Amino acid sequence: MPKFLVVFASLTGNTEEMADLIVEGIQSAGAEVDVKQSMDVDADVLLAYDAFILGAYTWGDGELPDEFLDFYEDMDELDLAGKKAAVFGSGDTAYDQFAAAVDLLADKLKERGAELVQESLKIELNPSTEDKDVCRNFGKHFAGAVISVV
Ligand SMILES: Cc1cc2nc3c(=O)[nH]c(=O)nc-3n(C[C@H](O)[C@H](O)[C@H](O)COP(=O)(O)O)c2cc1C
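The paragraphs below set out a description of the structure included in this document. Everything numeric in this text was worked out from a predicted model, so none of it was measured.

### Overview of the side chain of S90
Inference 1: Residue placement: S90 occurs in strand β4 (residues 84–91).
Inference 2: From its side chain, S90 meets the backbone oxygen of L125 in a polar contact 2.7 Å long.
Inference 3: Here S90 is in contact with N14, T15, M18, A56, Y57, T58, I123, E124 and L125, once residues within four sequence places are set aside.

Right, dumping it as structure tokens:
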């Protein structure tokens, strides 16, 4: 069984709620998954997993949160070829660059050779009832896609 990891940053809990739901989805596909906050791990933790999902809220003017900056920079040292990945995050459409941190992480993963197996998931603030199902399905679909090929 492939090893799954979710790494996220969340200040007010919205992205954390998404992470929890995505984890539920991965587990519902029969997979085991570890969950870490970005500030608690070094980027090279990714090398120990077959598949990972990164999640971040957006800060400043379309920027990554501070808690992801070291992780993001240290990803430059990693060869992620052969790894399966996806990205999610909460944002606020009141800002010009809606959930742009999600795109920054997705671009970095691609640059380092990871394969993004599904489109990134961006959610407005905290997940609505409908969004909760979307988050669970995001995790379930990801796990299903990885399990079928690894
Ligand atoms: C100072 C500040 C800057 C922000 N900048 C953006 C932004 O550029 N784009 C965006 O989509 N959301 C932006 N947000 C909104 C947060 O990303 C949003 O509230 C998100 O739901 C927070 O997620 P969290 O609960 O996981 O911390 C900003 C919020 C603050 C307080």
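### Topic: the site of the ligand
Inference 1: Taken together, 20 residues sit near the ligand, with S10, L11, T12, N14 and S90 positioned nearest.
Inference 2: Taking T12, its side chain carries an N or O atom lying 2.4 Å from an oxygen atom of the ligand.
Inference 3: Here an oxygen atom of the ligand sits 2.7 Å away from a polar atom, N or O, in the main chain of T15.
Inference 4: Put simply, the ligand lies in the largest pocket.
Inference 5: Breaking the shell around the ligand down by element, the ones donating at least two residues are α1 (14–28) and β4.
Inference 6: In terms of residue class, the shell around the ligand is made up of 7 nonpolar, 11 polar and 2 charged.

### Comments concerning the packing of aromatic side chains
Think of a pair of aromatic rings as described by two things: how far the centres are apart, and how the planes are tilted against each other in angle.
Inference 1: Within this structure, the stated rule accounts for 3 aromatic pairs.
Inference 2: With a centroid separation of 5.3 Å and an interplanar angle of 80 degrees, the aromatic rings of F68 and F71 are classed as edge-to-face. Remark: F71 and F68 occur in helix α2 (residues 66–74); sequence separation between them is 3 residues, near one turn of the helix. You'll find F68 and F71 in the same group, each marked buried.
Inference 3: Looking at K3, its charged tip hangs above the ring of Y49, at a distance of 4.9 Å from the centre.

Reading the values: the criteria
- Residues numbered from 1 in each chain as written.
- Predicted model: local features only at pLDDT ≥ 70, side-chain atom pairs only at ≥ 80, totals over all residues.
- Heavy atoms only, no water.
- Helix = DSSP H or I, 4+ residues; strand = E, 2+ residues; numbered from the N terminus.
- Polar contact = N/O pair within 3.5 Å; in protein donor to acceptor, adjacent residues only side chain to side chain.
- Contact = heavy atoms within 4.5 Å.
- Near = heavy atom within 4 Å.
- 1 Å grid on protein atoms, 1.4 Å probe; cavity = no way out; pocket = protein on both sides within 12 Å on 5 of 7 lines; lining within 4 Å.
- Sits in = over half its atoms within 2 Å of the grid points.
- Nonpolar A, V, L, I, M, F, W, Y, C, P; charged D, E, K, R; others polar.
- Phe/Tyr/Trp six-rings, centres within 6.5 Å; stacked < 30°, edge-to-face > 60°.
- Buried < 20%, exposed > 50% of the residue type's maximum accessible area, 1.4 Å probe, protein only.
- Lys NZ or Arg CZ within 6 Å of the ring centre and 35° of its normal.

As far as function goes, none of this settles anything; it's purely spatial.
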